[in-house]
Amino acid sequence: MKTKFFSLLILTYSLSLNAQLESRREIKIPDIPGYLTLKCDFHMHTVFSDGLVWPTLRVDEAWREGLDVIAISDHIEYHPHEDDIPVNFGRTFEIAKPRAEMYGIIIIQAAEITRQMPPGHYNCLFLEDVAELDQPDFWEAINAAKNQGAFIMWNHPGWRQEDEIPIWYDDHTKLYEQGYMHGMEIVNGRSYYPLALEWCVEKNITIFGNTDVHSSIGMDYDLSLNDQRPITLVFATDRSKEAVKEALFDGRTVVYSGDMLIGKEEFLKPLFNRSVELVNTDLDISSGGTFNIQIQNKSEIPYYLVSTEQPEGLEYPEKITLYAERTVMMRLRISRGTASNVSGIRLPYTVKNLLTNRDTGLPVELVISTPAMK
Ligand SMILES: [Zn+2]
Ligand SMILES: [Zn+2]
């Protein structure tokens, strides 16, 4: 009896030691003035539709990969595992919720309305009752979501279209005009739809980058090779479901995919400015000369800068890569007289991998000023 108790103790001890070994990667992207930058994935599946994993595993993966918010959006109309896993709307959320609470992950009840194109697939977020969306008629299904106050997003608009170029059908005009299209995926897994981005900019639709993962995340993305899942950054006033909902309806998102950030200038600019800092700011540039400027990038995203114009009297690199979490040295030559009567000099660049629209990089300025002039 005594031995049994002892071995049980050892077992418990080693289990708790193993539990301690779990670790989370922190995504190094700064908050911006007035908002927290929450890392989110609003589209994934489990065995309750055509996914291959149990709902709690989605929470474990999200925690490990530094996410703050997830939505599991099993299909309403498609259940290939139903002989083994009975159709049970809302069960995914019920199973995953306690796990999410344990890890401090915000989980949003969701489902994917799944129809042929057009109209296509729609994720409905912040649902109260998933079963109500199980309607033969598409418009009744989407209306059931809207009646629950759901945020509705057009998923993977280029899916099964030629070259993945999305087509805007009459159904989409109706959805948009009648207030059923609040968001759109411009990135789904490894697909990017630049035309969808153009539509979102033009029509003020909230943009998303989600995984739509069906297998375990480790099967689709190899973190050891720095191969990361796409993420939607949400700028929320606090860390709560309500604040996330408010931010989505207000269009406060940026898509993070590969080493690209895509979104409105009002969010990309502060992300860049909070990431990048000039290290040696004690330079007296007023009489000109050659200076070594150290620029630190504290974020995990490399920034690829290309100069847009070279102001007179200044010589500096046309291209700079601000490597992730590193400091780079830039040589700047200032002709005599150029900086004698100004409060500082501005070096205009475009960040090629921060996009405000299709092929449109973010304009930024590196500002060099003398200490007395700050
Ligand atoms: Zn889908
Ligand atoms: Zn899906």
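On a predicted model such as this, the values are computed, not experimentally measured, just so you know.

When helices and strands are counted, the chain shows nine helices and 19 strands. Considered along the principal axes of its C-alpha atoms, the chain spans approximately 80 × 70 × 35 Å. Put simply, 66% of the contacts in the chain that link residues at least 6 apart link residues at least 24 apart.

To continue, consider helix α6 (residues 194-203). Among all positions in α6, only A196, L197, W199, C200 and K203 are buried. The buried residues of α6 occupy an angular sector of 160 degrees when projected down its axis, which confines them to one face. One or two positions beyond α6, positive phi appears at N204, with a value near 55 degrees.

Okay, the pattern of salt bridges next. The final tally for this structure, using the stated rule, is 21 salt bridges. A salt bridge links E300 to R25; the shortest N-O distance between them is 3.1 Å. Of the two residues, E300 sits in the loop between β13 (289-297) and β14 (303-307) while R25 sits in the loop between α1 (2-20) and β1 (36-41), which places them 275 residues apart along the sequence. Note that E246 and R252 form a salt bridge whose closest N and O atoms lie 3.0 Å from each other.

Taken together, the protein donors to the zinc ion (ligand 1) comprise E112 (OE), H121 (ND1) and H156 (NE2), at separations of 2.1 to 2.2 Å. Separating the zinc ion (ligand 1) and the zinc ion (ligand 2) is a distance of 3.4 Å, and E112 donates to both of them. Placement of the pair is E112 in strand β3 (residues 106-114) and H156 in the loop between β5 (151-154) and α5 (170-177), with a sequence separation of 44 residues. Judged by its relative accessible area of 0%, E112 is buried.

Interface extent is often summarised as the accessible area lost during association of the parts. Segmenting the chain into domains produces domain 1 (23-258) and domain 2 (276-373). For domain 1 and domain 2, the distance between their C-alpha centroids amounts to 38 Å. Counting residues at the interface gives 14 residues for domain 1, matched by nine residues for domain 2. Interface area, domain 1 with domain 2, both sides summed: about 850 Å², of which 51% is carbon and sulfur. At the surface where domain 1 touches domain 2, the tally comes to three salt bridges. The tally of links between domain 1 and domain 2 comes to five residue pairs in polar contact (both at pLDDT 80 or more). Counting residues per element, the side of domain 1 that touches domain 2 draws most heavily on α6, at five residues. Of the residues contributing to the side of domain 1 that touches domain 2, the split by class is nine nonpolar, one polar and four charged.

Another aspect to go through is the coordination of the zinc ion (ligand 2). Ideal geometry at a metal centre: 109.5 degrees between donors when four sit tetrahedrally, and 90 or 180 degrees when six sit octahedrally. At the metal site, the zinc ion (ligand 2) is ligated by H43 (NE2), H45 (NE2), E112 (OE) and D212 (OD), and these contacts range over 2.0 to 2.4 Å. For the zinc ion (ligand 2), the four donor atoms in the first shell make angles of 79 to 169 degrees at the metal, so the coordination geometry reads as irregular. Taken in chain order, the donor set of the zinc ion (ligand 2) reads H-x1-H-x66-E-x99-D. Exposure remark for D212: the relative accessible area of 13% places this residue in the buried category.

Position of Q161 among the secondary structure elements: in the loop between β5 and α5. Taking the relative accessible area as the measure of exposure, Q161 reaches 15% and is therefore buried. Only 3.3 Å separates the side chain of Q161 from the side chain of Y169, close enough to count as a polar contact. The residues contacting Q161, other than those within four sequence positions of it, are M117, P166, I167 and Y169.

With that out of the way, let us pick up the packing of helix α2 (residues 55-64) against helix α3 (residues 91-103). Where α2 meets α3, the axes come as close as 7 Å, and the angle between the chain directions of the two elements is 30 degrees. Looking at the two axes, α2 sits roughly parallel to α3. For the pair α2 and α3, the sense of crossing is right-handed. In this structure, α2 uses P55, T56, V59, D60 and W63 to contact α3, whose residues at the interface are T92, I95, A96, R99, A100 and Y103. Class assignment of the residues belonging to the contact of α2 with α3 gives a composition of seven nonpolar, two polar and two charged.

The next subject is the environment of G149. Turning to its location among the elements, G149 is positioned in the loop between α4 (138-147) and β5. Look past the residues within four positions of G149 in its chain and what remains in contact with it is K245 and F249.

Attention now goes to the packing of aromatic side chains. Within this structure, the stated rule accounts for 15 aromatic pairs. Their ring planes at 75 degrees and their centres at 5.1 Å tell us that F151 and F249 sit as a pair that is edge-to-face. You can see F151 sitting in strand β5 and its partner F249 sitting in helix α8 (residues 241-249), a full 98 residues away along the chain. Its relative accessible area of 0% is what places F151 among the buried residues.

Basis of the calculations
- As a convention, each chain's residues are numbered from 1 in the sequence order in which they are written.
- Each chain takes a letter, starting from A, and each ligand takes a number, starting from 1, following the order in which they are written.
- In keeping with the model being predicted, local features are shown solely for residues with a pLDDT of at least 70 and side-chain atom pairs are shown and tallied solely at 80 or more, while totals for entire chains, interfaces and linings include all residues.
- Derived side-chain values reflect all non-hydrogen atoms in the structure, with water molecules and hydrogen atoms excluded from consideration.
- Secondary structure is summarised from DSSP: a helix means a run of H or I of at least four residues, a strand means a run of E of at least two, and numbering begins at the N terminus for each.
- Contacts are assigned to residue pairs with any non-hydrogen atoms lying within 4.5 Å of each other.
- Summary of the burial criterion: residues with accessible area below 20% of their type's maximum are buried, those above 50% are exposed, and those between are partly exposed, where the area comes from a 1.4 Å probe applied to protein chains only.
- The arc under discussion is defined with respect to the helix axis, by the directions toward the C-beta atoms.
- When a carboxyl oxygen of Asp or Glu lies within 4 Å of a side-chain nitrogen of Lys or Arg, that pair is called a salt bridge.
- Any N, O or S atom lying within 2.8 Å of the metal counts as a donor, with the limit raised to 3.2 Å for Na, K and Ca; because water is left out of the atom set, some sites can appear incomplete.
- In this document the domain limits rely on a domain assignment from an automatic tool or a database.
- The term buried area refers to how much accessible surface (probe radius 1.4 Å) is lost by two components on association, counted for both of them together.
- By the criterion applied in these results, polar contacts are pairs of N or O atoms within 3.5 Å in which, for protein atoms, one can donate a hydrogen and the other can accept it, and in which residues neighboring in sequence qualify only through two side-chain atoms.
- Residues were grouped as follows: Ala, Val, Leu, Ile, Met, Phe, Trp, Tyr, Cys and Pro as nonpolar; Asp, Glu, Lys and Arg as charged; and all remaining residues, including Gly, as polar.
- Every angle between 85 and 135 degrees makes a four-donor site tetrahedral, while opposite donors more than 155 degrees apart, with all other angles between 65 and 115, make a four-donor site square planar and a six-donor site octahedral; other sites are irregular.
- Think of each axis as a best-fit line through the C-alpha atoms, taken over the contacting stretch in the case of a helix, with angles from 0 to 180 degrees between the N-to-C directions.
- Angle categories: roughly parallel below 35 degrees, roughly antiparallel above 145, roughly perpendicular from 65 to 115, and oblique for all the rest.
- Should the near helix be turned counterclockwise from the far one by less than a right angle, the crossing is left-handed, whereas a clockwise turn marks it as right-handed.
- Pairing of aromatic rings covers Phe, Tyr and Trp, the last counted by its six-membered ring, and requires centre-to-centre distances within 6.5 Å; plane angles under 30 degrees mean stacked, over 60 mean edge-to-face, and any other angle means tilted.

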